[in-house]
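Overview (structure and organization)
Listed below, chain by chain, are the residues.
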Number of protein chains: 2
Amino acid sequence: MRQSKLFTKTRREAPSDEVAKNAQLLVRAGYIHKEMSGVYSYLPLGLRVLNNIVQIIREEMNAIGGQELIMTALQDKELWSRTDRWDDEKVDNWFKTSFKSGGETGLAITHEEPLTRIMTEHISSYRDLPVYAYQFQNKFRNELRAKSGIMRGKEFLMKDLYSFSKDEAEHKAFYDKAREAYMRVFSRVGIGAQTYVTFASGGIFSEFSEEFQTVSEAGEDTIYIDEGKRIAVNKEVCTDETLAKLGLERNNLVEKKAIEAGNIFSLGTRFSEPLGLSYKDEAGAEKSVVMGSYGIGPTRLMGIIVEILADEKGLVWPEGVAPFVYHLVSLGHDGDEISKTADALYTDLAQKGISVLYDDRDLRAGEKFAESDLLGIPHRIVVGKDAVATGEFEVVNRATGAVEKMPHAKLVG
Amino acid sequence: MRQSKLFTKTRREAPSDEVAKNAQLLVRAGYIHKEMSGVYSYLPLGLRVLNNIVQIIREEMNAIGGQELIMTALQDKELWSRTDRWDDEKVDNWFKTSFKSGGETGLAITHEEPLTRIMTEHISSYRDLPVYAYQFQNKFRNELRAKSGIMRGKEFLMKDLYSFSKDEAEHKAFYDKAREAYMRVFSRVGIGAQTYVTFASGGIFSEFSEEFQTVSEAGEDTIYIDEGKRIAVNKEVCTDETLAKLGLERNNLVEKKAIEAGNIFSLGTRFSEPLGLSYKDEAGAEKSVVMGSYGIGPTRLMGIIVEILADEKGLVWPEGVAPFVYHLVSLGHDGDEISKTADALYTDLAQKGISVLYDDRDLRAGEKFAESDLLGIPHRIVVGKDAVATGEFEVVNRATGAVEKMPHAKLVG
């Protein structure tokens, strides 16, 4: 796309009302807009990044048998009362409102209840199991404070997958596959090296849940990492008893600040029992379905990527999530030879379906480079006098600063 | 995908709590789930249809220069107060709630206000105009009654595009392009022949708005159609004066029930003035931006397609929006020759990337055909004894009932 057509503008100054690095940079670069505290819109470049993250997660969820659906924001009070999660005394972050037609409703904080009810209409026999269903849907959480930018919003996008299995063994087999799929997601979005499977508190039906914690000074959690085994323990459960169970030595652990990038959770029959989700087994006996839940927030993940990879010059996107792979920067003016050379390269790249943002604006080189650094597109192709003279283009890697010379044919090929 | 893996089941009986044909059929076929009155989840087959509709609209909006973004559900009371659309006396279908951190908020009924505010940060000069921005985002409307299935929900998906232009002439040029793009959308989703540009009431800044009305007995509107000119007039504005202005003769008009499938609206400076969206023109004078809004509800469109095209046997999807293009129905049992032939054909179709749902379940032929008719996939490939014997497969067109014989190579080719 031509940058002269892109409606968003960048800003030199960080917004004064943002303390989180991710929000400061994303607002400055025109990727997001803050509507209110903890409530952000995604502008064209930001939506492209978000959609790339969503697509990576979708591919990994499909690969382990996930079926995509989409549920609603508005929730049925009666349903949530049956699992005792409606009362504000029990769950303190609902947004609640009411229907003009009568009755209260709330905005989904999560979706175990509605999906379990849907499954009661589709699961009745062991032949119908297992089922894995997921969605990308907004969650709403009425947080008192919101100071982590898009990493903790009052309205945010969540991928939530739920598993429905016959028994603990079938559940466990999928749970292990989901863990692997999650690590592939973190690796593909560029934060695999900094992300650890982390044991955390489990709940009624399992001793531990597993978090995926990404090491960062911006993190709200403290974890203890065994680098050799590449696993960690959340501070909240890091007792001698836990370490003994996990076969970890306290001496081998390093304390770090970290951000939770995802989690997987065994739910047992916590929801299937009160909501009547059962099946007939091979012997004709009625049994409750065993469930698990698996969450990753794509908007939070986008914030984490910024926290981990951005530098003093601005955003730095890995190729897999970048809004464009190439930033073609023309230093020409008013239809001169440089502009013509850049136009021709843009046309050829676009025709090949190569993902490119073309800075075709008539601005000073310094201004263009500073803005290009802020936008964080992985590869910058510079078209100046040299390129016209030699036929070779300077290609600068945003992350490493490495410079390579490449001819038109190689770029387009 | 293998139907044995699809978690949704179909039902023989229509749900007793639905009066609309679209909701009855979509619930029976397992495409949607009713959470509450006017609030529907989209199950895997339904989401596939919805995504196809979304993609068609996206392509047409991009083709006329639209830039995609996504705004939020939670809305800023202060912003909407400035345009006098917050007060329940003025707008009667808000869902309102409040932040724990203090202050009221509401769920977006539409998005003129937040997008206009976003644009004040990106538009300042005539050089920044025009801008066309759109999103696919849920709207929430606190309707007293909901009896039209997914055609009128309390929570529903909307594509809303907004145009920002220098003056009326620039606005009008885009408005005309948007009308053409809308007609291409209706044509591509299979309801072009039944859909008419319809003049309706305009508001303060333009005499008329234009609706896109699809003729259907399920419609809530009454329109008067001039078949020769392929335009219509909404009953609410169908006066002698209007007809004279539009050059229409009352004698040539036919009265029909119709459903509003979209609308385009000139907004003038209704929002840019109170929200301070202005630009400096070539002479340095400060002027208000001229706006337009352009809406299509993909969920409503899905409902309309069902109302128009479904028959007594079930759903009928046009190829462009169908969840799958082929329904491969095997009449084999337990690994017999028929099953093997069907398996081989499925593998080849899937490898070619051809969109196919494979009914690999061990059920009676009559049951499978009835369910196939209900699902409404455009082309049914039947694999029975004949196919094994002759090497030719019967391909049945769901809409017309036409039967064709095709060899494996031609289907896969």
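Residues numbered from 1 in each chain as written. Chains lettered and ligands numbered in written order. Predicted model: local features only at pLDDT ≥ 70, side-chain atom pairs only at ≥ 80, totals over all residues.

What to know about the overall build of chain A
- Per the secondary structure count, chain A includes 11 helices and 21 strands.
- Taken along its principal axes, the extent of the C-alpha atoms in chain A is 80 × 60 × 45 Å.
- Classification of the 413 residues of chain A by burial places 49% in the buried group.
- The long-range share in chain A, meaning contacts at least 24 apart out of those at least 6 apart in sequence, stands at 69%. (Helix = DSSP H or I, 4+ residues; strand = E, 2+ residues; numbered from the N terminus. Buried ≥ 20, exposed ≤ 12 C-beta atoms within 10 Å, placed from the backbone. Contact = placed C-beta atoms within 7 Å.)

Quick word on unusual backbone geometry
Residues and elements named next belong to chain A.
- At the junction of Leu-129 and Pro-130, the peptide bond is cis and its omega measures out at -5 degrees in the coordinates.
- Tracing the sequence through the fold places Pro-130 in the loop between helix H4 (112-120) and strand E7 (131-140).
- Within the chain, Arg-230 stands out as a residue other than glycine whose phi angle is a positive 55 degrees.
- By the element assignment, Arg-230 lies in the loop between strand E11 (221-226) and strand E12 (231-234).

Points about the sheet that holds strand E20 (residues 392-397) of chain A
Residues and elements named next belong to chain A.
- Strands sit in the order E18-E17-E19-E20-E21 across an open sheet of five strands; the sheet is mixed. Two strands close off the open sheet at either side, each with one partner strand: strand E18 (356-359) and strand E21 (403-407). Each neighbouring strand pair of the sheet contributes to a mean axis angle of 25 degrees, computed without reference to strand direction.
- Across the sheet, helix H8 (residues 337-351) touches strand E17 (326-330), E18 and strand E19 (379-383), and the angle it forms with E17 is around 160 degrees.
- Its contacts with the sheet put helix H9 (residues 365-375) on E17, E18 and E19, and the angle it makes with E17 is roughly 170 degrees. (Pairing = 2+ DSSP bridges. Axes fitted to C-alpha atoms, helices over the stretch in contact; angles between N-to-C directions.)

Considering the relation of the copies chain A and chain B
- Structural alignment of chain A on chain B gives an RMSD of 0.0 Å, achieved by rotating through 180 degrees and translating 0.0 Å along the axis. Here the transformation between the copies is reduced to the relation of a two-fold axis. Relative to the rotation axis, the C-alpha of Thr-97 of chain A is the closest in chain A, positioned 2.6 Å from it.
- Both copies share a contact surface, since 100% of the interface residues of chain A are interface residues in chain B too. (Least-squares fit on C-alpha atoms with pLDDT ≥ 70 in both.)

Observations concerning the interface of chain A and chain B
- Across the contact, 38 residues belong to chain A and 38 residues belong to chain B.
- Elements represented by at least two residues in the side of chain A that touches chain B include exactly strand E1 (32-36), strand E2 (39-42), helix H2 (44-63), strand E3 (67-68), strand E4 (74-76), strand E5 (96-98), H4 and E7 of chain A.
- Class assignment for the residues of the side of chain A that touches chain B results in 19 nonpolar, 11 polar and eight charged. (Nonpolar A, V, L, I, M, F, W, Y, C, P; charged D, E, K, R; others polar.)

Thoughts on the domain arrangement of chain A
- Along its sequence, chain A is organised into domain 1 (21-73 + 108-220 + 258-309) and domain 2 (326-412).
- Put simply, the middle of domain 1 of chain A and the middle of domain 2 of chain A, counted by C-alpha atoms, are 39 Å apart. (Domains from an automatic or database assignment.)

What to know about the environment of Lys-385 of chain B
- Here Lys-385 of chain B lies in helix H11 (residues 385-390).
- For the pair Lys-385 of chain B and Thr-341 of chain B, spaced 44 residues apart in the sequence, the C-alpha separation amounts to 10.0 Å.

Section: the pairing of E1 of chain A
All names here are of chain A.
- Most of E1 sits inside the fold, with four of its five residues counted as buried.
- Summarising the sheet, E1 and E2 pair through four bridges and their orientation is antiparallel. Looking across to E2, one finds that His-33 is bridged to Ser-41.
- Taken together, E1 and the strand that follows it, E2, pair antiparallel across an intervening segment of two residues, in which Gly-38 is found at a positive phi of about 75 degrees.

Observations regarding the nonpolar core
- By size, the foremost hydrophobic cluster in this structure holds 234 residues, and its most contacted members are Ile-53, Leu-328 and Val-383 of chain A together with Ile-53, Leu-328 and Val-383 of chain B.
- If we ignore the near neighbours within four places in the chain, the residues touching Val-383 of chain A are Leu-328, Val-329, Ser-330, Leu-331, Gly-332, Ile-338, Thr-341, Ala-342, Leu-345 and Phe-393 of chain A. (Core = buried A, V, L, I, M, F, W, Y, C linked by C-beta atoms within 7 Å.)

Focus on H9 of chain A
Residues and elements named next belong to chain A.
- Of all the residues in H9, the buried ones are Lys-368, Glu-371, Ser-372, Asp-373 and Leu-375.
- Against E17, E18 and E19 lie the buried residues of H9.
- Of the residues one or two after H9, Gly-376 is the one with positive phi, at around 75 degrees.

Quick notes on the sheet that holds E4 of chain A
All names here are of chain A.
- Taken together, three strands build an open sheet; the order of strands is E4-E6-E5 and the sheet is antiparallel. Only two strands of the sheet have a single neighbouring strand rather than two, namely E4 and E5. Here the strands of the sheet are splayed against their neighbours by 45 degrees on average, with no regard to which way each runs.
- Examined bridge by bridge, E5 and strand E6 (residues 104-107) share three bridges and lie antiparallel to one another.

Observations regarding the packing of H2 of chain A against helix H5 (residues 168-188) of chain A
Residue and element names in this part refer to chain A.
- The geometry of H2 relative to H5 is characterised by a closest axis approach of 10 Å and an angle of 155 degrees between their N-to-C directions. With respect to H5, the axis of H2 lies roughly antiparallel. Considering only the axes of H2 and H5, their crossing is right-handed. For the pair H2 and H5, contact is made by Ile-56, Ile-57, Glu-60, Met-61 and Ala-63 and by Ala-181, Arg-184, Val-185 and Arg-188, respectively.
- Considering only residue class, the contact of H2 with H5 consists of six nonpolar, no polar and three charged. (Parallel < 35°, antiparallel > 145°, perpendicular 65-115°, else oblique. Left-handed = near helix turned anticlockwise from the far one by under 90°.)

Comments concerning the environment of Ile-377 of chain A
Residue and element names in this part refer to chain A.
- Structurally, Ile-377 is set in the loop between H9 and E19.
- In sequence terms Ile-377 and Ala-399 are 22 residues apart; their C-alpha atoms lie 9.1 Å from each other.
- Setting aside residues no more than four positions away along its own chain, Ile-377 makes contact with Trp-317, Ala-322, Pro-323, Phe-324, Tyr-326, His-327, Leu-357 and Arg-398.

Describing helix H1 (residues 21-28) of chain A
Residues and elements named next belong to chain A.
- Of all eight residues in H1, six are buried; the element is thus mostly enclosed.
- Taken together, the buried positions of H1 are occupied by Asn-22, Ala-23, Leu-25, Leu-26, Val-27 and Arg-28.
- Positive backbone phi, approximately 75 degrees, marks Gly-30, located one or two places after H1.

Brief notes about the packing of H2 of chain A against helix H7 (residues 298-309) of chain A
Residues and elements named next belong to chain A.
- At a minimum axis distance of 9 Å, the contact between H2 and H7 shows a crossing angle of 115 degrees. With respect to their mutual orientation, H2 and H7 come out roughly perpendicular. The handedness of the crossing between H2 and H7 comes out as right-handed. Residue-level inspection shows Val-49, Leu-50, Ile-53, Val-54 and Ile-57 of H2 in contact with H7, the latter providing Pro-298, Thr-299, Leu-301 and Met-302.
- Counted by class, the contact of H2 with H7 contains eight nonpolar, one polar and no charged residues.

Side note on the pairing of strand E8 (residues 155-165) of chain A
Residues and elements named next belong to chain A.
- Burial analysis of E8 places 11 of its 11 residues in the buried class, the great majority of the element.
- Along E8, one buried face is formed by Glu-155, Leu-157, Lys-159, Leu-161, Ser-163 and Ser-165 and the opposite face, lined by Phe-156, Met-158, Asp-160, Tyr-162 and Phe-164, is buried too.
- Bridging between E7 and E8 involves 10 bridges; their strand directions are antiparallel. When the bridges of E8 are listed, Ala-133 appears paired with Tyr-162.
- Pairing of E8 with strand E16 (residues 290-296) involves seven bridges; the strand directions are antiparallel.

Observations regarding the confidence of the model for chain A
- Per-residue confidence for chain A gives a mean pLDDT of 96, with 100% of residues at or over 70.
- Scoring the predicted complex yields pTM 0.97 and, for the interface, ipTM 0.97. (pLDDT = per-residue confidence, 0-100.)

A few points about the environment of Tyr-175 of chain A
Residues and elements named next belong to chain A.
- If you trace the backbone, Tyr-175 turns up in helix H5.
- Take Tyr-175: there are 19 C-beta atoms within 10 Å of it, and that puts it in the partly exposed class.
- With 118 residues separating them along the chain, Tyr-175 and Ser-293 place their C-alpha atoms 9.0 Å apart.

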